[in-house]
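# Coordinate analysis (summary)
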Amino acid sequence: MRAPTRRPGRQARARPAAQDQVTRNRLLQTARRLFPERGYQAVGVREICREAGANIAAVNYHFGGKLGLYTEVVQAAIDVLRETNEAAMQAPPGARADERLRMFVRVFLRNLIGKGRGSWIHKHMSREL
């Protein structure tokens with residue numbers, strides 16, 4: 001196998017890391033919307049890439065495939081749920097158990113009806129169940 005030759009004065013182009021991150025984030029945002037709406041099986045890589053404005057190979061490049069992207073979405077859901085649970089459990093010192101429970105339920109319901117940062121997660125969980 002012959003090594004590729006370069007023309008004098010030309011340097012290999014490197015894709016800026018910032019642009020890679022932008023594409024990766026767009027793919028994640030699109031997947032966070034589509035997977036909860038229709039489920040893993042009903043959403044194709046082509047559709048995700050088209051809606052994210054990304055090249056069809058971007059899912060493989062960034063996540064190793066559709067399953068890798070789905071795993072990232074699930075991990076992001078777990079991370080946000082942990083943050084939500086921790087925030088909900090931050091009752092004032094000396095709060096009674098019923099006050100703590102009320103605070104937790106309030107945060108949980110806000111997310112469930114779509115008003116909180118992690119509302120997509122509850123839709124995703126409901127679809128998977």
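Residues numbered from 1 in each chain as written. Predicted model: local features only at pLDDT ≥ 70, side-chain atom pairs only at ≥ 80, totals over all residues. Heavy atoms only, no water.

### Topic: the overall build of the protein
Counting its regular elements, the protein contains six helices and zero strands. Sequence-ordered secondary structure for the protein, helices as α and strands as β, is α-α-α-α-α-α. The proportion of buried residues among the 129 residues of the protein is 33%. Taking all contacts inside the protein whose residues are at least 6 apart in sequence as the whole, residues at least 24 apart take part in 54%. (Helix = DSSP H or I, 4+ residues; strand = E, 2+ residues; numbered from the N terminus. Buried < 20%, exposed > 50% of the residue type's maximum accessible area, 1.4 Å probe, protein only. Contact = heavy atoms within 4.5 Å.)

### Quick look at the confidence of the model for the protein
Model confidence for the protein is summarised by a mean pLDDT of 80, while 72% of its residues fall at 70 or above. Element-level pLDDT for the protein is lowest in helix 6 (residues 119–128), with a mean of 66, against a maximum mean of 97 in helix 2 (residues 45–52). The low-confidence segment residues 4–14 (pLDDT under 50) makes one contact with residues lying over four places distant or belonging to another chain. (pLDDT = per-residue confidence, 0-100.)

### Here we look at helix 2
Along helix 2, the residues that are buried comprise Glu47, Ile48, Cys49 and Ala52. Trailing helix 2 by a residue or two, Gly53 shows a phi angle of about 70°, which is positive.

### A closer look at helix 1 (residues 17–38)
Between its terminal C-alpha atoms helix 1 stretches 31 Å, which fits the 32 Å expected from 22 residues at 1.5 Å a residue. For helix 1, the complete set of buried residues consists of Asp20, Thr23, Leu27, Leu28, Thr30, Ala31, Arg32, Leu34, Phe35 and Pro36. Looking at the residues trailing helix 1, positive phi occurs at Gly39, about 95°. (Expected span 1.5 Å × (residues − 1).)

### Here's the deal with the environment of Glu51
Residue position: Glu51 is located in helix 2. If we skip the residues at most four places from it in the chain, Glu51 touches Thr30, Arg33 and Leu34.

### Observations regarding the pattern of salt bridges
If you walk through the whole model with that rule in mind, you get seven salt bridges. With its nearest N and O atoms 3.4 Å apart, the salt bridge here joins Glu72 to Arg24. Taken together, the positions of Glu72 in helix 4 (residues 66–88) and Arg24 in helix 1 put the pair 48 residues apart, joining distant regions of the chain. Judged by its relative accessible area of 31%, Glu72 falls in the partly exposed class. We note a salt bridge from Glu51 to Arg33, for which the minimum N-O separation is 2.4 Å. Of the two residues, Glu51 sits in helix 2 while Arg33 sits in helix 1, which places them 18 residues apart along the sequence. One network of salt bridges, in which partners are shared, links Arg96, Asp98, Glu99 and Arg102. (Salt bridge = Lys/Arg side-chain N within 4 Å of Asp/Glu carboxyl O.)

### A short note on the packing of aromatic side chains
The tally for this structure, following the rule as stated, stands at three aromatic pairs. Residues Phe35 and Tyr70 carry aromatic rings whose centres are separated by 5.1 Å and whose planes lie at 85° to one another, so their mutual orientation is edge-to-face. Of this pair, Phe35 sits in helix 1 while Tyr70 sits in helix 4, placing them 35 residues apart in sequence. Overall, the relative accessible area of 12% leaves Tyr70 in the buried class. (Phe/Tyr/Trp six-rings, centres within 6.5 Å; stacked < 30°, edge-to-face > 60°.)

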